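# Observations on the three-dimensional arrangement
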Amino acid sequence: MKKLSITLSGHRTSLTLENEFIDGLKKIAAAQKKSVAELVGEIDSARDNKTNLSSAIRVFVLINYAAAGPTI
């Protein structure tokens, strides 16, 4: 588990995610030519407020990797 500190909507926040999800998030952000904070802001805006942000990020990363097809 790793902490990711970002500024989101003008507020500093920390997220705790598994290393693999943080790495995946960084790779997706780079591929989209966005900062991690910008991408997390988009995920935050799109999520249902009942969903925890860390969970929304995990689902986002999984969906993006699943769309790329199996790698095993």
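If you're wondering where the values come from, they're calculated on a predicted model, not measured in any experiment.

What follows is about the pattern of salt bridges. Taken as a whole and assessed by the stated rule, the structure comprises three salt bridges. Linking R58 and E18 is a salt bridge whose minimum nitrogen-to-oxygen distance equals 2.9 Å. Remark: E18 occurs in the loop between β2 (11-17) and α1 (19-31) and R58 occurs in helix α3 (residues 53-67); sequence separation between them is 40 residues. The residue E42 makes a salt bridge to K34 at a minimum N-O spacing of 2.8 Å.

On to the environment of A67. Residue placement: A67 occurs in helix α3. You can call A67 exposed: its relative accessible area is 68%. Taking the C-alpha atoms as reference points, A67 and Q32, 35 residues apart in sequence, are found 15 Å from one another.

The subject of this paragraph is the packing of helix α2 (residues 36-46) against α3. Orientation of α2 relative to α3, taken along the N-to-C sense of each, is 105°, at an axis distance of 10 Å. In terms of orientation, α2 lies roughly perpendicular with respect to α3. Each of L39, V40, I43 and D44 in α2 lies in contact with α3, whose residues at this interface are L53, A56, I57 and F60. Class assignment for the residues of the contact of α2 with α3 results in seven nonpolar, no polar and one charged.

What follows covers the packing of α1 against α3. In the contact formed by α1 and α3, the axes pass within 10 Å of each other and the chain directions differ by 60°. Note that α1 runs across α3; the crossing there is left-handed. Mapping the contact onto sequence places F21, G24, L25, K27 and I28 in α1 and I57, R58, F60, V61, L62, N64 and Y65 in α3.

This part is about α2. Within α2 the residues assigned to the buried category are V36, L39, V40, G41, I43 and D44. The inward-facing, buried residues of α2 abut β1 (2-8), β2, α1 and α3.

With that settled, consider the nonpolar core. Counting residues in each nonpolar core, the largest one holds 18 residues, and the members touching the most others are L4, L15, L25, V40, I43, L53 and I57. Of all the secondary-structure elements, those providing two or more residues to this core are β1, β2, α1, α2 and α3. At five residues, the largest contribution of residues to this core is made by α1. If near-sequence neighbours (up to four positions away) are discounted, L4 is found in contact with T13, S14, L15, I22, L25 and V36.

What counts as what
Residues numbered from 1 in each chain as written. Predicted model: local features only at pLDDT ≥ 70, side-chain atom pairs only at ≥ 80, totals over all residues. Heavy atoms only, no water. Salt bridge = Lys/Arg side-chain N within 4 Å of Asp/Glu carboxyl O. Helix = DSSP H or I, 4+ residues; strand = E, 2+ residues; numbered from the N terminus. Buried < 20%, exposed > 50% of the residue type's maximum accessible area, 1.4 Å probe, protein only. Axes fitted to C-alpha atoms, helices over the stretch in contact; angles between N-to-C directions. Parallel < 35°, antiparallel > 145°, perpendicular 65-115°, else oblique. Contact = heavy atoms within 4.5 Å. Nonpolar A, V, L, I, M, F, W, Y, C, P; charged D, E, K, R; others polar. Left-handed = near helix turned anticlockwise from the far one by under 90°. Core = buried A, V, L, I, M, F, W, Y, C linked by side-chain atoms within 4.5 Å.

In short, geometric facts, not functional conclusions.
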